[in-house]
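# Observations on the model geometry
So the chains spell out like this:
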Amino acid sequence: MRLFLSYARVDKPYAIQVVNMLDAHEIWYDQRLYAGQDWWKEILQRLDWCEGFIYLLSPDSVASEYCRKEYELAKMLRRPIFPINVREHTLIPDTMDDLQELHYVDLSNGIDPDAVKMLLNSIYRAERQQLSVRALSVTSIPNNQIAQEPASSSTVIRLAAAAMENGRYDQAVLLLKQAKANGYKSSYIDIEAILKEAEAALDRQTMQVGVEREYRQIVELVKVNATRELGLEAFKAFHLDFPTHDPDNMARYLSQTELAALTMPIVTNGKDQTAYPSFVLPLLEWCGIPTGTVDVCYTVANGSQQRKTVNVPTFSISKYPVTNAQYQAFIDDDDGYKNTDWWEFSPDALASRLKHPDATASRFKGPERPREMVSWYDARAYCNWLSARLSKTIALPTAAQWQRAFQGDEKRLYPWGNKFEAERCNSAESGVKMTTIVTRYPRGTSGFEVYDRAGNVWEWCLDGNPNTDLSLMSAAQEKRVVRGGSFMSSHQRALVDFHYDLNPESYHASIGFRLVQNA
């Protein structure tokens, strides 16, 4: 049977799996090369060619206007529809209520023999039916229901930016590549830079979907006593490649000896120590920072700038800023954001929390983007919660620690050196105009391999003045410092000395934070 496979590009790992599973049939699936208007002509030709339509259901595909358009046209052409749910938590919107009525094959937890049998039987029955699936062709459908009109120059940027803001990188890439193919030009907007960012984020998102797909299949094996040992062997191999991905805590089934073989080194006091926490957050990795000195620039009461040399003992700092996924774990935990105890380090902090019974939503979506819209109080509360979950002392970096991890012993002006290079960070010069995924700039790391030290989001520091008595910080009313610049600020604001002093209750779409572990 000739089959058309519709899917969101982020679900490509699932698409390839389905294609391999149905190798007895002739399957066409769009490689999403986005070659201008020729791309849509190819879609229409293949919909006309096919004898059945497979729709891979996921949160991304049901939100994709292009996948939904393909589905609507397949219905108009009276092609048999074969829905396959490939990811958990896929909700069919009310606007697609006819799809809700179709019985779908569930592969969200991996390849299941009964589900595969159901799919093969459905295709077989469609082949045996005497209904003419060729009764309608694309030419029989009114053109106004088929055409994909190119968006205007101003509209395409607005739509692409909105798609990226909401983590729909597939749609953003499509819009931007179509605009580029149609000759879009701007004196001020670097469409190549925006497209490069969208593609990098989409590639990373696709990889994460593939990782989760492999992990879910392992989980299903571990759940069953008869296959648990096989599943755990698979988990140990998986863990070597993806040591921070264990949301269901499969490690709890391993012996202490097996755990020891899987542990990762954490630098503490200059020595390698091993630890495997039972609670794992994605991308929570640590970089060891050795003892050293920094010359911290700070603002005093009269507004003038002063400088002080500070000795900074050994500590570890999170490799990346706190991400949306990491902060969401705090929100979702029944003992997380809901528990006001984490804000009781200060009456002002607790008062702020009571004014915000629900966490302020991040402006930019996507699990690997830095979490923003977080006040200094919220960041401190997150540290308190994570300290309890990991049985470690987690805190915000002091201004001296932040600077030490930024410039190292070379006293650099930027994390990578003394000359600004736009391709190494997400400042205003990048042209992206929004946050980027935290792994985006490997060439912009500091000498200690810490990412996003310049640009992307400002980062809260624990103190603003190296003369501050940290034991009194909980009750202090003074302003707190953010450093490092953001996607909105020029590179001059990403310099090591530049900082803003803000009210600790402030939050903004350009302010986030990262973590430290003190020795």
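Each chain carries its own residue numbering, running from 1 in the written order of its sequence. Per-residue local features are limited, in this predicted model, to residues with pLDDT of at least 70; the limit for side-chain atom pairs, both in listing and counting, is 80 or more; totals at the level of whole chains, interfaces and linings are taken over all residues. Remark: hydrogens and water are excluded; side-chain values derive from all non-hydrogen atoms of the structure.

### Digging into the overall build of the protein
- Note on conventions: DSSP H or I runs of at least 4 residues are helices, E runs of at least 2 residues are strands, and numbering of each starts at the N terminus. Of regular secondary structure, the protein possesses 15 helices and 17 strands.
- Rg of the C-alpha trace for the protein: 26 Å, near the compact-globule value of 24 Å for 519 residues, within the 12% margin.
- Per-residue accessibility, obtained with a 1.4 Å probe over protein chains only, is compared with the maximum for each type, and a residue is labelled buried under 20%, exposed over 50%, and partly exposed between these values. Put simply, the protein has 519 residues, and 53% of those count as buried.
- Working rule for contacts: check all heavy atoms of both residues, and any pair within 4.5 Å makes them a contact. Contacts spanning at least 24 positions in sequence make up 71% of the contacts within the protein whose residues lie at least 6 apart.
- Total accessible area on the protein is roughly 23400 Å²; 50% of this is exposed by carbon and sulfur atoms. For this measure, only C-alpha atoms enter the radius of gyration; the expected value for a globule follows 2.2 Å times N^0.38, where N is the number of residues. Using the Shrake-Rupley algorithm and a 1.4 Å probe, accessible areas are obtained, with residue cover drawn only from the displayed protein chains.

### A short note on the nonpolar core
- By nonpolar core is meant a set of buried Ala, Val, Leu, Ile, Met, Phe, Trp, Tyr and Cys residues that side-chain atoms within 4.5 Å join together. Counting 77 residues, the largest nonpolar core has Leu5, Tyr55, Leu56 and Ile84 as its most contacted members.
- Discounting residues that sit within four places of it in the chain, Tyr55 has contacts with Ser6, Ser61, Val62, Cys67, Arg68, Tyr71, Phe82, Pro83, Ile84, Met96 and Leu99.
- Core analysis: the next-biggest nonpolar cluster, separate from the first, contains 31 residues, Leu284, Ala349, Leu390 and Phe513 among them.

### Comments concerning the sheet that holds strand 17 (residues 516–518)
- With antiparallel pairing, 4 strands are arranged side by side in an open sheet as 8-11-17-12. Bordering the open sheet on either side are strand 8 (286–289) and strand 12 (394–395), each of which pairs with just one other strand.
- At least two bridges found by DSSP between two strands are what make those strands a pair. Pairing of strand 8 with strand 11 (residues 315–318) involves 4 bridges; the strand directions are antiparallel. Bridge pairing links Trp286 to Ser318 in strand 11.

### What to know about the packing of aromatic side chains
- In this analysis, rings of Phe, Tyr and Trp, with Trp reduced to its six-membered ring, are considered paired at centre separations within 6.5 Å, and the interplanar angle assigns stacked below 30 degrees, edge-to-face beyond 60, and tilted for intermediate values. The tally for this structure, following the rule as stated, stands at 29 aromatic pairs.
- Between the aromatic rings of Tyr215 and Phe238, the centroid separation amounts to 5.7 Å while the plane-to-plane angle is 45 degrees, which identifies the pairing as tilted. Taken together, the residues span a long stretch of sequence, with Tyr215 in helix 9 (residues 191–223) and Phe238 in helix 10 (residues 228–241) at a distance of 23 residues.
- The buried category is assigned to Phe238, whose relative accessible area is 7%.
- Directly above the aromatic system of Trp49 lies the positively charged group of Arg46, at a separation of 5.1 Å from the ring centroid.
- Geometrically, a charge over a ring is one whose NZ (Lys) or CZ (Arg) sits within 6 Å of the ring centre while staying within 35 degrees of the ring normal. Between Arg440 and the ring centre of Tyr441, over which it is positioned, the NZ or CZ distance is 5.0 Å.

### Structural notes on the pattern of salt bridges
- We count a salt bridge whenever a side-chain nitrogen from Lys or Arg sits within 4 Å of a carboxyl oxygen from Asp or Glu. Applying the stated criterion across every chain yields a total of 28 salt bridges.
- Its salt-bridge partner being Arg389, residue Asp333 comes within 3.0 Å of it at the nearest N-O pair. One end of the pair, Asp333, is in the loop between helix 12 (324–332) and helix 13 (347–355); the other, Arg389, is in helix 14 (residues 376–390), and 56 residues separate them in sequence.
- When salt bridges that share partners are traced, they join Glu88, Glu212, Arg216 and Asp248 into one network.

### Let's talk about the confidence of the model for the protein
- Mean pLDDT over the protein works out to 85, with 90% of the residues at or above the 70 mark.
- Confidence drops under a pLDDT of 50 for residues 264–277, and excluding neighbours within four residues, the segment shows 29 contacts in the predicted structure. The quantity known as pLDDT measures the predictor's confidence residue by residue, on a range of 0 to 100.

### Section: the side chain of Arg371
- Relative to the helices and strands, Arg371 resides in the loop between helix 13 and helix 14.
- In this structure the side chain of Arg371 is engaged in a polar contact, spanning 2.9 Å, whose partner is the backbone oxygen of Thr360.
- Once residues within four sequence positions are removed from consideration, Arg371 is found in contact with Val322, Thr323, Asn324, Tyr327, Ile331, Thr360, Ala361, Ser362, Ile511, Gly512 and Phe513. The term polar contact refers here to a pair of N or O atoms within 3.5 Å; inside protein, the definition further demands a hydrogen-donor-capable atom paired with an acceptor-capable atom, and it admits residues adjacent in sequence only when both atoms are side-chain atoms.

### Here we look at the sheet that holds strand 13 (residues 458–460)
- A sheet is described by the order of its strands in space; here 4 strands give the open sequence 15-14-13-16, paired in mixed fashion. The open sheet terminates on both sides in strands that have one partner only, identified here as strand 15 (499–502) and strand 16 (511–512).
- Where strand 14 (residues 480–483) and strand 15 come together, 4 bridges link them in antiparallel fashion. Its bridge partner being in strand 15, Val481 is matched across the sheet by Asp501.

### What about the environment of Leu396?
- Tracing the sequence through the fold places Leu396 in the loop between strand 12 and helix 15 (399–407).
- Classification of Leu396 by relative accessible area gives buried; the value is 1%.
- The spacing of Leu396 and Cys461 is 65 residues in sequence and 5.9 Å in space, taken between C-alpha atoms.
- Ignoring anything within four residues of it in the chain, the contact list for Leu396 reads Trp376, Ala379, Arg380, Cys383, Gln401, Trp460, Cys461, Leu462, Phe513, Arg514 and Val516.

### What to know about the environment of Tyr66
- By the element assignment, Tyr66 lies in helix 4 (residues 65–76).
- With a relative accessible area of 6%, Tyr66 lands in the buried category.
- Along the sequence, Tyr66 and Ala163 sit 97 residues apart, while their C-alpha atoms lie 13 Å from each other.

### Notes on helix 13
- Residues of helix 13 that are buried include every one of Ala349, Ser352 and Arg353, and no others. Along helix 13, the residues classed as buried sweep out an arc of 100 degrees about the axis, all on the same side. Away from its buried face by more than 90 degrees, helix 13 exposes Pro347, Leu354 and Lys355.
- Summarising the contacts, the buried residues of helix 13 are in contact with helix 14.
- For helix 13, the side-chain oxygen to backbone nitrogen distance between the N-cap and Asp348 is 3.1 Å, and the N-cap itself is Ser346. The directions considered for the arc are those from the helix axis to the C-beta atoms.

### What about the pairing of strand 11?
- Residues Phe315 and Ile317 of strand 11 are buried on one face, and the alternating residues Ser316 and Ser318, pointing to the opposite face, are buried as well.
- Two elements, strand 11 and strand 17, share 3 bridges in a ladder whose sense is antiparallel. Its bridge partner being in strand 17, Ile317 is matched across the sheet by Val516.

### Details of the packing of helix 9 against helix 10
- Helix axes are fitted only over the stretch in contact, all axes being lines through C-alpha atoms; the angle between N-to-C directions runs from 0 to 180 degrees. It is the contact of helix 9 with helix 10, at a shortest axis distance of 7 Å, that shows an interaxial angle of 150 degrees. One way to sum up the angle between helix 9 and helix 10 is to call them roughly antiparallel. Where helix 9 crosses over helix 10, the handedness of that crossing is left-handed. For the pair helix 9 and helix 10, the contacting residues are Val211, Glu214, Tyr215, Ile218, Leu221, Val222 and Lys223 in the first and Arg228, Gly231, Leu232, Ala234, Phe235 and Phe238 in the second. Throughout, the term roughly parallel applies to angles under 35 degrees, roughly antiparallel to angles over 145, roughly perpendicular to angles from 65 to 115, and oblique to all others. Put simply, a crossing is left-handed when the front helix is turned counterclockwise from the back one by less than a right angle, and right-handed when it is turned clockwise.

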